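Letter by letter, the chains look like this.
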Amino acid sequence: HAKEDGRNALRFFEVAMQTELTLRTILETELRIGIEKCEFVLFYQPQFNRENQLIGAEALVRWQHPTRGLLAPADFIKVAEETGLIVPLGQWILKSACKQLALWQEGLESNHLVLAVNVSARQFAQKDFVETTLKALELVKAPPEKLKLEITESIVLDDISDAFMKMGSLKNAGITFSLDDFGTGSSSLSYLTRLPLDQLKIDKSFVDGLPERKQDALVAQTIINMAKGLDLHVVAEGVENTEQLTFLIHHGCDAFQGYHLGRPMPIALFTTVLSVY
Ligand code: C2E
Ligand code: MG
Ligand code: MG
Ligand code: MG
């Protein structure tokens, strides 16, 4: 019986694998079509400073899937990265973000806003990433100083000298850089601090435990102090309640983002928020 059970288990495993493979293939095809048909939309999550002023937003992509409704990045970014489709998708994201930045320039109440855009490693590794990014800005006359690229350690790990060169060129043009999910990676601090960064973003996983969880409190404080020492701006993501916000303000964090202050929202809603602040 044992042999038969084993065979059944194997068969079950094969079926499960096959199903997953089929689903992935479908998702890949749908993604390809979705990019062609422009089924994606940017949501904007507000960022505030210590005086509770609206200083900018993070652009977060959503997929208006033809049958499954509005999908979050967790449902498609991984496959987009593995298939390379993140490259055309990322280009669309950059272009859309630049268009929005250009529109904000026209209004007195919005011309100070900085827009943060996530860049995936695969996208950053493209030979023409610098050129494409600068072109996206130029095309709509958006100010480079208002574009902030959110990168992760993985970008740097792939090819350090390439990352240094690209970041240098983009910084020369006025673009700023934030290191996203800071504290969750595994690269050495000394070398992260040598990157031409402007901002560290404290990962939500550390903000979650504030203020009670001693380890998280220590990590958050350490990141803030390190940012100060390195002359970097520091922003906290995933701020969900007053206690977390109070702790972060008390310890010197510069900026805040999270459900407590505002969820990612369509541009129409963000514009309404803007008129209130
Ligand atoms: P991220 O860059 O770290 O973005 C922050 C994520 O945390 C967003 O999830 C945001 O909606 C969520 N968040 C913000 N505040 C709170 C909060 O208070 N509580 C909770 N529970 N969550 C909060 P989202 O939009 O689902 O994006 C997830 C990840 O997908 C992003 O993490 C980023 O890595 C990736 N992503 C999103 N948009 C893009 C994009 O345009 N391009 C690329 N390459 N990646 C993107
Ligand atoms: Mg981000
Ligand atoms: Mg983040
Ligand atoms: Mg995060």
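Here the structure is shown first, and the text comes after it.
Summary of the structure given here.

Conventions used here
Residues numbered from 1 in each chain as written. Chains lettered and ligands numbered in written order. Predicted model: local features only at pLDDT ≥ 70, side-chain atom pairs only at ≥ 80, totals over all residues. Heavy atoms only, no water. Helix = DSSP H or I, 4+ residues; strand = E, 2+ residues; numbered from the N terminus. Rg over C-alpha atoms; globule rule 2.2 N^0.38 Å. Buried < 20%, exposed > 50% of the residue type's maximum accessible area, 1.4 Å probe, protein only. Contact = heavy atoms within 4.5 Å. Areas by Shrake-Rupley, 256 points an atom, 1.4 Å probe, with all protein chains shown as cover. Polar contact = N/O pair within 3.5 Å; in protein donor to acceptor, adjacent residues only side chain to side chain. Phe/Tyr/Trp six-rings, centres within 6.5 Å; stacked < 30°, edge-to-face > 60°. Lys NZ or Arg CZ within 6 Å of the ring centre and 35° of its normal. Donors = N, O, S within 2.8 Å, 3.2 Å for Na, K, Ca; no water. Axes fitted to C-alpha atoms, helices over the stretch in contact; angles between N-to-C directions. Left-handed = near helix turned anticlockwise from the far one by under 90°. Nonpolar A, V, L, I, M, F, W, Y, C, P; charged D, E, K, R; others polar. Patch = residues over 30% accessible without salt bridge, like charges linked within 9 Å, V, L, I, M, F, W, Y side chains within 5 Å. Salt bridge = Lys/Arg side-chain N within 4 Å of Asp/Glu carboxyl O. Parallel < 35°, antiparallel > 145°, perpendicular 65-115°, else oblique. Lys, Arg positive; Asp, Glu negative; His and termini not counted.

1. Let's talk about the overall build of the protein chain
Here is step 1 of the chain: Across its full length, the protein chain holds 12 helices and nine strands.
Here is step 2 of the chain: In terms of C-alpha radius of gyration, the protein chain reaches 21 Å, essentially the compact-globule figure of 19 Å for 277 residues.
Here is step 3 of the chain: Across the 277 residues of the protein chain, 45% fall into the buried class.
Here is step 4 of the chain: Long-range contacts, defined here as pairs at least 24 residues apart, represent 65% of the contacts in the protein chain between residues at least 6 apart.
Here is step 5 of the chain: Of the roughly 14400 Å² of accessible surface on the protein chain, 57% is carried by carbon and sulfur atoms.

2. Brief notes about the side chain of Glu 58
Here is step 1 of the chain: For Glu 58, the location among the structural elements is in strand S2 (residues 54-65).
Here is step 2 of the chain: A residue is classified by how much of its surface remains accessible, and Glu 58, at 4% relative accessible area, is buried.
Here is step 3 of the chain: A distance of 2.8 Å separates a polar atom in the side chain of Glu 58 from a polar atom in the side chain of Asn 118.
Here is step 4 of the chain: If we skip the residues at most four places from it in the chain, Glu 58 touches Phe 43, Tyr 44, Gln 45, Gln 47, Leu 115, Ala 116, Asn 118, Glu 150, Asp 180, Lys 201 and Gln 257.

3. Quick word on the packing of aromatic side chains
Here is step 1 of the chain: Applying the stated criterion across every chain yields a total of seven aromatic pairs.
Here is step 2 of the chain: Centroid distance Phe 124 to Phe 129: 5.2 Å. Interplanar angle 50°. Geometry classified as tilted.
Here is step 3 of the chain: What makes Phe 124 buried here is its relative accessible area of 2%.
Here is step 4 of the chain: Residue Phe 129 is classed as buried on the basis of its relative accessible area, which comes to 3%.
Here is step 5 of the chain: An aromatic cluster is defined as three or more aromatic residues linked by ring pairs; in this entry it consists of Phe 40, Trp 63 and Phe 76.
Here is step 6 of the chain: Residue placement shows Lys 166 over the ring face of Phe 124; its charged tip is 5.6 Å from the ring centre.
Here is step 7 of the chain: If you follow Arg 263 out to its NZ or CZ, it ends over the ring of Tyr 259, 3.9 Å from the centre.

4. Some details on the coordination of the magnesium ion (ligand 2)
When a metal holds four donors in a tetrahedron, each ideal angle between them is 109.5 degrees; when it holds six in an octahedron, the ideal angles are 90 or 180 degrees.
Here is step 1 of the chain: Within the protein, Glu 58 (OE), Asn 118 (OD1), Glu 150 (OE) and Asp 180 (OD) serve as the donor atoms for the magnesium ion (ligand 2), at 2.0 to 2.2 Å.
Here is step 2 of the chain: Look at where the donors of the magnesium ion (ligand 2) fall in the sequence and you get E-x59-N-x31-E-x29-D.
Here is step 3 of the chain: Between the two metals, the magnesium ion (ligand 2) and the magnesium ion (ligand 3), the spacing is 3.6 Å, and Asp 180 donates to both. Within this pair, whereas Glu 58 is found in strand S2, its partner Glu 150 is found in strand S5 (residues 147-151), the two being separated by 92 residues in sequence.

5. Structural notes on the packing of helix H3 (residues 86-105) against helix H5 (residues 129-140)
Here is step 1 of the chain: Here H3 crosses H5 at 35°, and the two axes come no closer than 8 Å. Pair H3 / H5 crosses with right-handed handedness. Together, Gln 91, Leu 94, Lys 95, Cys 98, Lys 99 and Ala 102 of H3 and Phe 129, Thr 132, Thr 133, Ala 136, Leu 137 and Val 140 of H5 make up the contact between the two elements.
Here is step 2 of the chain: The residue inventory of the contact of H3 with H5, partitioned by class, reads seven nonpolar, three polar and two charged.

6. Here we look at a nonpolar patch on the surface
Here is step 1 of the chain: Side chains of Leu 10, Phe 13 and Met 17 sit close together on the surface and give an oily, nonpolar patch of about 330 Å² of accessible area.
Here is step 2 of the chain: For Met 17, the position within the fold is in helix H1 (residues 2-36).

7. Quick notes on the packing of H5 against helix H7 (residues 160-172)
Here is step 1 of the chain: Here H5 crosses H7 at 20°, and the two axes come no closer than 10 Å. In terms of orientation, H5 and H7 fall into the roughly parallel class. Remark: the crossing between H5 and H7 carries right-handed chirality. Contacts between H5 and H7 involve Phe 129, Val 130, Thr 133 and Leu 134 on the former and, on the latter, Lys 166, Ser 169 and Leu 170.
Here is step 2 of the chain: For the contact of H5 with H7, the class distribution of residues is four nonpolar, two polar and one charged.

8. So, the side chain of Glu 39
Here is step 1 of the chain: Counting through the fold element by element, Glu 39 comes out in the loop between H1 and strand S1 (40-49).
Here is step 2 of the chain: Notably, Glu 39 is buried but unbridged: the nearest opposite-charge side chain belongs to Lys 37, and the N-O separation is 5.0 Å.
Here is step 3 of the chain: At a separation of 2.9 Å, a polar atom in the side chain of Glu 39 contacts the side chain of Trp 63.
Here is step 4 of the chain: If sequence neighbours within four positions are ignored, Glu 39 has contacts with Gly 34, Arg 62, Trp 63, Gln 64 and Pro 66.

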